[in-house]
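Letter by letter, the chains look like this.
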Amino acid sequence: MEYSLAIDRGPYYANKERFIPINLQSIDRERNKIALKKPDNLAALTTFTMTFTNPKELKAFLLAKNLLKEKYQSLDLVIIFDEKDTYKTFKKGIKVPYKCYEKYFDVSKLAKIIYQRSKRNKQFLGIYLEQFTGILRKREYYVLKNTNSKSPDLLKNITDFLTSLTIHYDTPETPYFYGLYQAAMLMARFDEVEKELYQTNLAPSTPTIPKPEEEPQYNIEDDQMRLF
């Protein structure tokens, strides 16, 4: 499977017209290395994008390299690949990870994040695991699903499950980074939602206008190449 960085023109375009791939071969040539443009390149591609703090910084880099047209710089960046269903093959776009996502792509760090959340909320692990279907439901999935939140094996079983996601179900010798990508981005989304809810609860409520008789109540470019 080959993955590409692309511009997303939005859902109003037909699938074949929606995404505009960005050719990163020139970056490979600069580093005298083939990594960003080859089969099974998701690990290299996400490693590359995670050297940038945010989409604006990545777009600035691509503009400087003449890999992105200025008229597209206000549009979203995504990672695309070919997805197959019963009848056809179509392009699927997934989220681009940036610098703040790095910790989620380290199996040991991600395991500890999931472990700590599971200890705080007994229902969390079940909810998290239910997001995985089909090929991702291996033996390690069921072992973890049946592990009690108080078990001394909880962290080990989480780590084993995440490690299993990097191994292709049919061809174990083939790298399968997409499984870890899904686990990482899913946990990142859980953390983002929790942060959004926390900030919403802390936000001051809109003060009401008191009636007259009431008292008021106020309730870079070279650095990026070296990093990659």
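These figures come from a predicted structure and were not determined experimentally. (Residues numbered from 1 in each chain as written. Predicted model: local features only at pLDDT ≥ 70, side-chain atom pairs only at ≥ 80, totals over all residues. Heavy atoms only, no water.)

Undergrad: Quick one: what's the story with the packing of aromatic side chains, residue by residue and with numbers?
TA: Considering all chains together, one arrives at 17 aromatic pairs under this definition. Measuring from centroid to centroid gives 5.1 Å for Tyr-3 and Phe-81, while their planes differ by 50°, and the two rings are tilted. Of this pair, Tyr-3 sits in the segment before β1 (4-8) while Phe-81 sits in strand β3 (residues 76-84); the two residues are 78 residues apart in sequence, bridging distant segments of the chain. Each member of the pair, Tyr-3 as well as Phe-81, is classed as buried. (Phe/Tyr/Trp six-rings, centres within 6.5 Å; stacked < 30°, edge-to-face > 60°. Helix = DSSP H or I, 4+ residues; strand = E, 2+ residues; numbered from the N terminus. Buried < 20%, exposed > 50% of the residue type's maximum accessible area, 1.4 Å probe, protein only.)

Undergrad: Give a detailed account of the sheet that holds strand β4 (residues 89-94), specifying residues and quantitative values.
TA: One open sheet accounts for 4 strands, arranged β2-β1-β3-β4; its pairing is antiparallel. A strand with exactly one partner marks an edge of an open sheet, and here the two such strands are β2 (19-21) and β4. Looking at each pair of strands side by side, their axes are set apart by 45° on average, direction ignored. Where β3 and β4 come together, 6 bridges link them in antiparallel fashion. Note that in β4 the partner of Ile-80 across the bridge is Gly-93. (Pairing = 2+ DSSP bridges. Axes fitted to C-alpha atoms, helices over the stretch in contact; angles between N-to-C directions.)

Undergrad: A description of the nonpolar core should follow, citing residues and the corresponding values.
TA: One broad rule of soluble globular proteins: the nonpolar side chains tend to lie buried together. Core analysis: the largest hydrophobic core is formed by 54 residues, its most contacted members being Tyr-128 and Leu-162. Considering each element in turn, this core owes the most residues, 9 residues, to helix α9 (residues 177-202). If sequence neighbours within four positions are ignored, Tyr-128 has contacts with Ile-114, Phe-161, Leu-162, Ala-183, Leu-186, Met-187 and Phe-190. (Core = buried A, V, L, I, M, F, W, Y, C linked by side-chain atoms within 4.5 Å. Contact = heavy atoms within 4.5 Å.)

Undergrad: For the confidence of the model for the protein, give the residues involved together with the corresponding values.
TA: For the protein, mean pLDDT is 84; residues scoring 70 or higher make up 82% of the total. Low confidence marks residues 206-228, where pLDDT is under 50. Its contacts with residues over four positions away, or in another chain, come to 23 contacts. (pLDDT = per-residue confidence, 0-100.)

Undergrad: With reference to specific residues and values, describe the pairing of β1.
TA: For β1, the tally of buried residues reaches 5 of 5 residues, placing the bulk of the element in the interior. Neither face of β1 is open: one carries Ser-4, Ala-6 and Asp-8, the other Leu-5 and Ile-7, and all of them are buried. Across 5 bridges, the pairing between β1 and β3 is antiparallel. Residue pairing in the sheet places Asp-8 in a bridge with Asp-76 of β3. For β1 and β2, the ladder comprises 3 bridges, and the chain directions are antiparallel. Note that in β2 the partner of Asp-8 across the bridge is Phe-19.

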